[in-house]
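Residues per chain, in single letters:
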Amino acid sequence: MTTELQELFERNRRWAAETESREPGFFSRLLKQQTPQYLWIGCADSRVPANELVDLLPGELFVHRNIANVVVPTDLNALSVIQYAIDALRVTHVIVVGHSNCGGVKAALNNLRVGLVDNWLRHVQDVRDTHQDFLDSLPAERRVDALCELNVLEQARNVCRTTIVTDAWQRGQEVVVHGWVYGLHNGLLEDLRVTVAHAEDIGPAYATALAALKQRYSASVAALTEPIGAPD
Ligand SMILES: [Zn+2]
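These numbers come from a predicted model, not from an experiment.

With that settled, consider the coordination of the zinc ion. Within the protein, the atoms that donate to the zinc ion are Cys43 (SG), His99 (NE2) and Cys102 (SG), at distances of 2.0 to 2.2 Å. All donors to the zinc ion come from one chain, and their sequence spacing reads C-x55-H-x2-C. The class for histidine 99 is buried, based on a relative accessible area of 1%. Under the relative-accessibility criterion, cysteine 102 is labelled buried at 2%.

The following block contains the structure:
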């Protein structure tokens, strides 16, 4: 085995020993059950490690990640994770987490050809096409982050529309869907407030979050273009 990989095993042994000494019996308790309250649906980007950035231990966060945190109703993988999380683990919160400067979103925005993944990113291009006029109204350097956030709103809405979530709501199970964005530049999460706890809230929550997003971007662009040092 290469030295780099041996290093991973050594780090793993150290981490396990430290965790066990900090919380004796930690692993034997986890062996019996996992009871996470949250399902995290995030980007596969190595700079957005789910557990670490919310400081949660193993057993506390159920995680699904793919390129550009996309949720489509034909993706058996994502649907299986959502179904198991809601029906078996009974998580309360399903959180779609995008991040600023996402490479997948950037490729989708600019029609970059990367390979097979272009087909996957077609879903993000659908989001781009839906909001093309708004994106065109922004300076080029703001468009990637705007599309990252628009993509979160769309994917959160897609989660709400899955049969798994609608069935859970139908039978009265508490499930709340959220959309957040993570800032690569400052390590902070921001709630995009597309928070949905009932089927009838999907439309209003999406519309309110979308209006707030557009307002925020338009205001920041207006602030940038205001003349500096104008007379009082
Ligand atoms: Zn990404």
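Across all of its chains, the model carries 0 disulfides by this definition. Left without a disulfide partner, cysteine 160 is nearest to the cysteine sulfur of cysteine 148, which lies 20 Å away.

Let us now look at helix 6 (residues 117-130). Here helix 6 contains 14 residues, and its C-alpha end-to-end distance of 20 Å stays within 8% of the 20 Å for a straight helix at 1.5 Å per residue. Along its length, helix 6 reaches its greatest deviation from straightness, about 35°, at histidine 123. By the burial criterion, the buried members of helix 6 are Val117, Asp118, Leu121, Val124, Gln125, Val127 and Arg128. Tucked inside the fold, the buried residues of helix 6 contact helix 5 (103-109), helix 7 (132-136) and helix 8 (140-160).

Taken as a whole and judged by the stated rule, the model has 4 aromatic pairs. Ring geometry for phenylalanine 62 against tyrosine 84: centres 6.0 Å apart, planes inclined by 35°, an arrangement best described as tilted. Here phenylalanine 62, found in strand 2 (residues 61-66), pairs with tyrosine 84, found in helix 4 (residues 76-88); they are 22 residues apart in sequence, far enough to count as distant. A relative accessible area of 16% means that phenylalanine 62 is categorised as buried. On the basis of relative accessibility, which here comes to 42%, the residue tyrosine 84 falls in the partly exposed class. Relative to tyrosine 217, the ring of phenylalanine 134 lies with its centre 6.5 Å away and its plane at 85°, an arrangement referred to as edge-to-face. Of this pair, phenylalanine 134 sits in helix 7 while tyrosine 217 sits in helix 10 (residues 202-225), placing them 83 residues apart in sequence. Of the two residues examined, phenylalanine 134 and tyrosine 217, each falls in the buried class. Following the ring pairs from residue to residue traces out a cluster consisting of Trp15, Phe26 and Phe27.

Reading the values: the criteria
Along each chain, the written sequence defines residue order, and numbers are assigned to residues from 1. The model is predicted, so local features are restricted to residues of pLDDT at least 70 and side-chain atom pairs to those at 80 or more, both for listing and for counting; the totals for chains, interfaces and linings are taken over all residues. Neither water nor hydrogens contribute to the side-chain values; these are computed over all heavy atoms in the structure. Donor atoms are limited to N, O and S found within 2.8 Å of the metal ion, a distance that becomes 3.2 Å for Na, K and Ca. With water left out, some sites might look partial. When accessible area is computed with a 1.4 Å probe and restricted to protein chains, residues below 20% of their type maximum are described as buried, those above 50% as exposed, and intermediate ones as partly exposed. The disulfide definition used here is simple: a pair of cysteine sulfur atoms within 2.5 Å. Each helix corresponds to a stretch of at least 4 residues labelled H or I by DSSP, and each strand to a stretch of at least 2 residues labelled E; elements are numbered beginning at the N terminus. By definition here, a helix of n residues has an expected span of 1.5 Å times n minus one. The bend reported for a residue corresponds to the angle between axes fitted to the seven residues ending at that residue and the seven starting there. Any pair of residues with heavy atoms lying within 4.5 Å of one another is described as a contacting pair. Any Phe, Tyr or Trp ring, taking Trp's six-membered ring, that has another such ring centre within 6.5 Å forms a pair; planes under 30 degrees apart are called stacked, those over 60 apart edge-to-face, and the others tilted.

Bear in mind that shape data such as this cannot, by itself, settle questions of function.
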